[in-house]
Amino acid sequence: MQPYRNCDVKRRLPGCIIIGTPKSGTKALIEFIGAHPDVEIAQGEAKFFNRNDNYYKGYQHYLKKMPLSCPDQITLEKSPEYFYSRVAPYRIHKMNHSIKLIIIVKDPVQRAISDYIHRRTTFSGRKETNYTFEELVYDNSTKKLRTQYLPVIRSIYYRYILNWLTYFSPNQIHVADGNNLIVEPQDELSKVQDFLGLERLITKDSFVYNSTKGYYCLWTHSSTQCLAPCKGHKNHSVSPELVNKLNLYFKPYNELFFNIINKRLSWS
Ligand SMILES: Nc1ncnc2c1ncn2[C@@H]1O[C@H](COP(=O)(O)OS(=O)(=O)O)[C@@H](OP(=O)(O)O)[C@H]1O
């Protein structure tokens, strides 16, 4: 926490949660907004509301995962798996019905590819270790997409957001653009600061482009802070034909999603 603050310091429940989606830039977003002096962010992912083993330990357990903060600061946590959980919306609403929620979403094809890479590199013994993205997503014998592949299913955003909207009003949910966060982080951060009612202190000057990494990094206290090497892969090559097929498959679902959130995103 910021060392210069003199206040009633304690751990507080979050005023805002980044609830998803995985592989869309949740880590970059929380790190960037965490540079704001009126924000304190939880380290790691609490995974409290989606996992019974954590949830039944109670709020005291959850509080221990939260950072120290002052009363005038907003505590933020991110657990991107919340987005897909049936129970998380109800449980979060029960904790705080006026909480703010952020969902960041990337182009669904890019998100699915990133999800595939993540599964391949993180979980040994999974089918991703032995098969390419193409093999898992496209059945060459039937010439059909394998739409039941989990990274594909999890890119159909509209299906999941409906559950959240039964508990929270649209103005409690900010949808950030994961593709735009990569190319214009200051733009996405301005919107997030406005949504949180914060002064716009994270600006263009808060970022520096790292050409080796190919991503923006935070510029704080005269030093550059990039995300860990596991975040931000170079383009994974997937045939343009397959990308095209997937784009066509996702198109109607994207349209449903944009209608629900009442805006379009850069990747539309
Ligand atoms: N500035 C910056 N630096 C690095 N990476 C960035 C940045 N902005 C957005 N991204 C994108 O974030 C993707 C990882 O998303 P998440 O942090 O949501 O992943 S996770 O679900 O928490 O594992 C990651 O996906 P991969 O490229 O597949 O690693 C990036 O595309």
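Above this text you will find the structure in question.
Anyway, here's the lowdown on the structure attached to this text. (Residues numbered from 1 in each chain as written. Predicted model: local features only at pLDDT ≥ 70, side-chain atom pairs only at ≥ 80, totals over all residues. Heavy atoms only, no water.)

1. Remarks on unusual backbone geometry
The condition that has to hold: Each helix is a run of DSSP H or I of at least 4 residues and each strand a run of E of at least 2, with the numbering of both proceeding from the N terminus. Think of it in three bands: with a 1.4 Å probe and only protein chains considered, a residue is buried below 20% of the maximum accessible area for its type, exposed above 50%, and partly exposed in between.
Cis geometry is found at the peptide bond from Gly20 to Thr21, where omega equals -5 degrees. Take Thr21: it is sitting in the loop between strand 2 (16-20) and helix 1 (26-33). Positive phi values are uncommon outside glycine, yet Lys143 reaches one of about 60 degrees. A residue is classified by how much of its surface remains accessible, and Lys143, at 53% relative accessible area, is exposed. Within the chain, Asn262 stands out as a residue other than glycine whose phi angle is a positive 65 degrees.

2. A word on the state of the cysteines
We apply this condition: For the purposes of this analysis, a disulfide is any pair of cysteine sulfur atoms at a distance within 2.5 Å.
A complete count under the given rule lists two disulfides for this structure. Here Cys7 engages in a disulfide with Cys70; their sulfurs sit 2.0 Å apart. Negative torsions about the S-S bond denote left-handed disulfides, and the value of about -80 degrees found for Cys7 with Cys70 makes this one left-handed. With Cys7 in the segment before strand 1 (10-11) and Cys70 in the loop between strand 4 (68-69) and strand 5 (74-78), this pair connects stretches of sequence that are 63 residues apart. A relative accessible area of 1% means that Cys70 is categorised as buried. Note that Cys217 is cross-linked by a disulfide to Cys226, the S-S spacing being 2.0 Å. Handedness of the Cys217-Cys226 disulfide follows from its S-S torsion of about 95 degrees: it is right-handed. Cysteine pairing in the protein chain follows 1-2, 3-4, where each cysteine in a disulfide is numbered by its order in the sequence. Cysteine Cys16 remains unbridged, with the sulfur of Cys70 as its closest cysteine sulfur at 18 Å. Cys230 carries a free sulfur, and the closest cysteine sulfur to it, the one in Cys226, is 13 Å from it.

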